[in-house]
Amino acid sequence: MLGMSTHVKFDDVDPSKSEKYNDARHAKDSFDYSPLPRVTLRSFCMGALVSMGGLIFGYDTGQISGFLEMPDFLRRFGELQPDGSYSFSNVRQGLIVGLLSIGTLIGALVAAPIADRIGRRWSVCLWCIVVSVGFVIQVAAETSWVQVMVGRLVSGWGVGALSLLVPMYQAETAPPWIRGALVCTYQLFITLGIFLAACFNYGTYENQQDNSGSWRIVIGLGWLWTLILGVGIIAFSETPRFDYRRGRVNEAKATLMRVYGAPENHYAVQIQLEEIESKLRAESQVKRGAIGGIIDMFNAPRMSYRIALGVLLQMFQQLTGANYFFYYGTTIFQSVQISSFVTQMILNGINFGTTFIGLYLVEHYGRRISLITGSIWMFICFMIFASVGHFLLDLETPSNTPTAGLILIVFAALFILGYATTWGPMVWTLIAEIYPSRYRAKAMALATASNWTWNFLIAFFTPFITSAIDFRYGYVFAACNLVAGVIVYFCVIEGQGRTLEEIDTMYIEHVPPRTSAKWIAPPPEHMARIRREAGTEVGGTSTGVLNASSEEHEDTKVQRQHAENA
């Protein structure tokens, strides 16, 4: 089923071509095992449109870097200095930049129960409206920096919610063979948003720098992205897993058929429906309140471990140091006498362009090897960046050391190459696939909240830290990249080409992460039995879509095979 051809083949599960799965369930004559297109028009459009949530995130993140250097923005919201110039204090600058992250933290936590109640699709519409309101508050500001700060807080609510909903929507809908790449498009669109913000900042700075159009135009253009996503998502169906949970089995099946480009009786559609049904059966049998549900989540097999892993992965995505460049890049490179707005356009262009490589890497080389390689790459880049900045650059008169300034730009670009192809997109993929459907919204909310917490901490404290230790700040990020790689090596299971239900079973079974790529999945009815015995599923007999055979000799064979695999 794996590979990078234009079609996905199912010869390894076709009983007419393989003896491996020659049991009663797979031998049904009505099954269609024909190849399916790797990417359908429906899945492509879904990836492009839903990922607009990432563009909104990136655009809101990227624009503030340029605003901090715009004369009109400084005059209106900065502090008058004795020499007649305007500038931001570390506290004011940290709050204007960082309050977006506090808003996103709140939005990510609140979005989970709302998404479970009204669905993923309508939740996206709701939070697009919230982001738009935040933009209105910012554009309407005249001289109050607090109003700008509050506007970024409000827009952050929506951005944080979308950062949870977009990967969730894509993971619950995408075919297993492109799920990693499809979720990675969220990060791709984040980089596109940052790049567009840098371009618009440059354009308005060059043509409108003496009036409020230099920053108001850039903020106002953000309404376009919220309109496209908020209205466009209505044209798509709800996720099949949410529909199935609400008893809308036919709608779930129809969505899978459209996204997979498959007929109703195709093996891929039917096996996915059975796995969804076996995973969601427990939800219909266990009725608990909100607090009880949270307690159940932490007590469920390996869920505390997975929640901690998700929180750490999102934390270390921020501690790679990428936002050190995205939030303060304009200020950093102004200090080395380089056109700061042009430099940001170049770096953000690299960030956007190289993320396409990540879409290939995540499905060709998998999550583990890509993330570990990315950690080592970024560690080396930050060690050189910090050493050159601290020991070779003339901090008082940077123009005296142009070679050192050039080296800083080169290794900043190389760092972004490593980040954009690995940790940038792939962490979102991992967070979207390591949790079972029953707890996915809540667990993803906690992990995403970790991302936004550290996003705020870096945004707020960076001015203070750089003032105290200058470029040695890079050594902190270098060490974090090294630790992140170690965590991936020992803790992250390879999910390349796996269904969400298979990944859940791998965690329950304690499959060693270092050998997880070689694990062979047992049939869905046996995985359901494993989850019932572990406590994920509660009793009951399988009433799956395929009405699987439960003959004793088949069970014995499956158990023996699975024991060898595990």
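On a predicted model such as this, the values are computed, not experimentally measured, just so you know.

Quick notes on the side chain of R306
- Of note, R306 is situated in helix α13 (residues 303-319).
- Within the structure, the side chain of R306 is placed 3.0 Å from the backbone oxygen of I434, a separation counted as a polar contact.
- When near neighbours in sequence (up to four residues on either side) are disregarded, R306 contacts P301, I434, Y435, P436, D504, Y507 and I508.

With respect to helix α1 (residues 41-50)
- Among the residues making up α1, those that are buried are S43, M46, G47, L49 and V50.
- Considering only its buried residues, α1 is in contact with α2 (52-67), α6 (145-173), α7 (179-208), α8 (213-232) and α10 (249-260).

Re the packing of α13 against helix α18 (residues 423-433)
- With their axes 10 Å apart at the nearest point, α13 and α18 run at an angle of 165° to one another. Looking at the two axes, α13 sits roughly antiparallel to α18. With respect to the hand of their crossing, α13 and α18 are arranged in left-handed fashion. When α13 is examined against α18, the residues G310, L313, Q314, F316 and Q317 are found in contact with a partner set consisting of W423, G424, V427, W428, L430 and I431.
- Tallied by class, the residues present in the contact of α13 with α18 amount to seven nonpolar, four polar and no charged.

Quick notes on empty space enclosed by the protein
- Applying the stated rule across the entire model yields five cavities of 30 Å³ or more.
- Estimates place the volume of the largest cavity at around 140 Å³.
- Of the residues in the lining of the largest cavity, the class split is seven nonpolar, nine polar and no charged.

Quick look at the packing of helix α4 (residues 90-118) against helix α5 (residues 120-139)
- At a closest axis distance of 7 Å, the pairing of α4 and α5 adopts a crossing angle of 130°. Judged on the interaxial angle alone, α5 and α4 are oblique. As α4 runs across α5, the sense of the crossing is right-handed. Contacts between α4 and α5 involve V110, A111, I114, A115, D116 and I118 on the former and, on the latter, R120, W122, S123, L126 and W127.

Examining the side chain of S450
- Topologically, S450 is positioned in helix α19 (residues 440-469).
- The contacts of S450, once residues within four sequence positions are left out, are V311, Q314 and M315.

Re the pattern of salt bridges
- Applying the stated criterion to the full structure yields 16 salt bridges.
- With a closest N to O distance of 3.7 Å, R75 and D72 form a salt bridge. On the criterion of helical spacing, the pair formed by R75 and D72 is a turn pair, its members being three residues apart in helix α3 (residues 71-77).
- Between E433 and R367 there is a salt bridge, and its shortest N-O distance comes to 3.0 Å. Taken as a pair, E433 in helix α18 and R367 in helix α16 (residues 367-392) lie far apart in primary sequence, 66 residues in all. In this pair, the class of E433 matches that of R367, namely buried.
- The network of salt bridges with common partners includes D116, R120, E172, R245, R440 and K442.

Parameters and conventions
Residues numbered from 1 in each chain as written. Predicted model: local features only at pLDDT ≥ 70, side-chain atom pairs only at ≥ 80, totals over all residues. Heavy atoms only, no water. Helix = DSSP H or I, 4+ residues; strand = E, 2+ residues; numbered from the N terminus. Polar contact = N/O pair within 3.5 Å; in protein donor to acceptor, adjacent residues only side chain to side chain. Contact = heavy atoms within 4.5 Å. Buried < 20%, exposed > 50% of the residue type's maximum accessible area, 1.4 Å probe, protein only. Axes fitted to C-alpha atoms, helices over the stretch in contact; angles between N-to-C directions. Parallel < 35°, antiparallel > 145°, perpendicular 65-115°, else oblique. Left-handed = near helix turned anticlockwise from the far one by under 90°. Nonpolar A, V, L, I, M, F, W, Y, C, P; charged D, E, K, R; others polar. 1 Å grid on protein atoms, 1.4 Å probe; cavity = no way out; pocket = protein on both sides within 12 Å on 5 of 7 lines; lining within 4 Å. Points joined across faces, edges and corners; volume = space filled by probe spheres on them. Salt bridge = Lys/Arg side-chain N within 4 Å of Asp/Glu carboxyl O.

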